[in-house]
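These are the residues of each chain, in order.
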Amino acid sequence: MISSQNSFSQMEDFPSDIVDHPYKEGEILVRYLSATAPEERDLIRSQMGGEIADNHFIVPNLELVKLPQGQSVEEALAYYQNTPGVLYAVPNHLVYINGGIFPPRPLPDNPDPTPNPFGDPFFDRSYGISLIGSPKAWEQFTTGSREIVVGVIDTGIDYTHEDLAANIWKNPKEIEGNGIDDDNNGFVDDIYGWNFVGNNNNPFDDNRHGTHVSGTIGALAGNGLGTIGVSPKVSLMACKFLSKDGWGSIDAAIRSISYAVMNGAKVLNNSWGGGGYSQALLDAIKTAERAGVLFVAAAGNSNADNDKNPMYPASYDAANIVSVAATDYLDQRASFSSYGKTTVDLAAPGVAVFSTVPNNLYGNLSGTSMATPHVAGAAALIWAYKPALSMYDLKDLIFKTVDPVDSMKDITVTGGRLNVFNAMAFSLLQF
Ligand SMILES: [Ca+2]
Ligand SMILES: [Ca+2]
Ligand SMILES: [Ca+2]
C-alpha cells in the first residue's frame, strides 16, 4: 500500500536551478494598452504574420500570439515591444515543479506523535500536520469547510483517490458528459477543473506531484484510510498545467490562475517556479489579489538566497503572495530550501512529507513544493473558521503567529514556521 518503493527516477534529473530561463518557441505573450482597439491589435499582429493562439486570460488585453513559421521569439519581441499600442511583449517562459525529491533516508520516527484523533492508519507518518498544530485546531475550532475552494495549480489531481475523492471540487453548475458548457464559463464539461496541458476536461494527475500536494492540503479524516490533510474538509480544484515530466508554460499558468479565480477559488497552491521575471504572470497574480485570492508559492529548492536570486512566482512583489521555505521534523532548514530575509515569508514542513499519490497509494516526498500546501491548507482551515477575514488579514494572522525557529531567524520575513493552531487561537483575540 505504501508506494515508497516505486521508482520515480526522472525526478532526480531535475535541475536545481535554471540560469538561462527557457521559453517556448513559436509564441509570445503580448499585452496591449487598453486604448488599443481590437482592429488595431489585428493590424499590429498581421503586419508580423502573427495569430491569436489564446486570449482567455484574467488579465485584460493579454494575448498569446502564435508566430509565423521561421520567426524567432527575439525578432517578434523586438517588433511588438517597439510598436505603439503595445504595453509589453514577453516570452512564454517554462517553469517546473519545486519538489518530488525522494528523501535521502527513511523517515525517522515522529519525535512527538500526536494521538491520532480520527484513527486514520498512517496519520502519524504525516508529522508536519501535527507539528503545525492541526489536531488541536480541529479539536478546538473546525475541521474545515467544503465552501473553501483551493486551486491546486500543478500536475493535476487523482480525483478518484480514496483519501481525496470526497474533498475534490465539483463544478456545481456543469452537467457531466453532455458536450455542453452548461455554466457558460468557456469550458465544456469541466467537472473537477481543467487540463491546460492537453486542453481537455480531464485534469487527472499523470505525475504524482499534484496529488501529493493535494493530500497535504486536504486528505480526508476519519475514513479509516491513509492520512489527514491540514484542512480535512475543503474543496480541491484541479488546474493541471504541468506535464507528466513536471514542466509547464507561463500561458498555461495564467490560464490556470484565471480559471481558479473565476470559478471561486480563495487560495491558490503554487508548488512550482522558475522561468525568470514575467510581467504577464505578475499581472495575473495581481488580478487574483484584487479578487481577494491568496497565492501561496514555493520558495524553491536551490538552497539560494532569493533576495539576491529571485525564484518566481514566489519572489514577485505582490501583496497576496506567501513565499514558503521548507523545514524538517526538528525545524531545521531543509538542505535544499531557498530562503530570503525580505522575500521568503515563513517555513513549513517539507522534508519526507507523507501524503497521497495516484492510484490509492501514499508516499514520502521532499521539497518546498511539499511545504507550500501546509500553508495553503492552513489558510483554508482558518478561512473556514473565520470566513469574513480579508485576504490581507488572513496573511497577517499566519505571519504573526508562526513558531519562531532558529533555522529561519534572519533568513525569512517572519523568522518562523507555520502554526495553524496559534493563528486560529489568535484570531479570537483580534477578529
Ligand atoms: Ca463549463
Ligand atoms: Ca456539460
Ligand atoms: Ca484519511
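Residues numbered from 1 in each chain as written. Chains lettered and ligands numbered in written order. Predicted model: local features only at pLDDT ≥ 70, side-chain atom pairs only at ≥ 80, totals over all residues. Heavy atoms only, no water.

Focus: the overall build of the protein chain
Line of reasoning, step 1. Counting its regular elements, the protein chain contains ten helices and 17 strands.
Line of reasoning, step 2. Taking 431 residues into account, the globule formula puts the C-alpha radius of gyration at 22 Å, and the protein chain, at 21 Å, falls close to it.
Line of reasoning, step 3. Dimensions along the principal axes, computed over C-alpha positions, put the protein chain at roughly 70 × 50 × 50 Å.
Line of reasoning, step 4. By the burial criterion, 62% of the 431 residues in the protein chain qualify as buried.
Line of reasoning, step 5. Counting only contacts in the protein chain whose residues sit at least 6 apart along the sequence, the fraction spanning at least 24 positions is 75%. (Helix = DSSP H or I, 4+ residues; strand = E, 2+ residues; numbered from the N terminus. Rg over C-alpha atoms; globule rule 2.2 N^0.38 Å. Buried < 20%, exposed > 50% of the residue type's maximum accessible area, 1.4 Å probe, protein only. Contact = heavy atoms within 4.5 Å.)

What about the packing of helix α8 (residues 368-385) against helix α10 (residues 420-430)?
Line of reasoning, step 1. Contact pair α8 / α10: the axes reach a minimum separation of 10 Å and the direction vectors enclose 25°. With respect to each other, α8 and α10 are oriented roughly parallel. You can see that α8 and α10 cross each other, and the crossing is right-handed. Contact residues: α8 offers A378, L381, I382 and Y385, while α10 offers V420, A423, M424, S427 and L428.
Line of reasoning, step 2. Looking at side-chain class alone, the contact of α8 with α10 contains eight nonpolar, one polar and no charged residues. (Axes fitted to C-alpha atoms, helices over the stretch in contact; angles between N-to-C directions. Parallel < 35°, antiparallel > 145°, perpendicular 65-115°, else oblique. Left-handed = near helix turned anticlockwise from the far one by under 90°. Nonpolar A, V, L, I, M, F, W, Y, C, P; charged D, E, K, R; others polar.)

As for the coordination of the calcium ion (ligand 3)
Line of reasoning, step 1. Surrounding the calcium ion (ligand 3) are the protein donor atoms D120 (OD), D163 (OD), D163 (OD), L220 (O), N223 (OD1), L225 (O) and T227 (O), which sit 2.2 to 2.8 Å from the metal.
Line of reasoning, step 2. Expressed as a motif, the donor residue spacing for the calcium ion (ligand 3) is D-x42-D-x56-L-x2-N-x1-L-x1-T. Of this pair, D120 sits in the loop between β4 (86-97) and α3 (127-131) while D163 sits in the loop between β5 (144-154) and β6 (193-195), placing them 43 residues apart in sequence. Each member of the pair, D120 as well as D163, carries the same accessibility label: buried. (Donors = N, O, S within 2.8 Å, 3.2 Å for Na, K, Ca; no water.)

Structural notes on the coordination of the calcium ion (ligand 2)
Line of reasoning, step 1. Every protein donor of the calcium ion (ligand 2) is listed here as E174 (OE), I175 (O), N178 (OD1), I180 (O), D182 (OD) and D189 (OD), and their distances to the metal cover 2.2 to 2.3 Å.
Line of reasoning, step 2. Considering all six donor atoms around the calcium ion (ligand 2), the spread of angles at the metal, 71 to 178°, places the coordination shape in the octahedral class.
Line of reasoning, step 3. A relative accessible area of 51% means that I175 is categorised as exposed. (Tetrahedral: all angles 85-135°; square planar, octahedral: opposite > 155°, others 65-115°.)

All quantities given are derived from atomic positions and should not be read as evidence of function.
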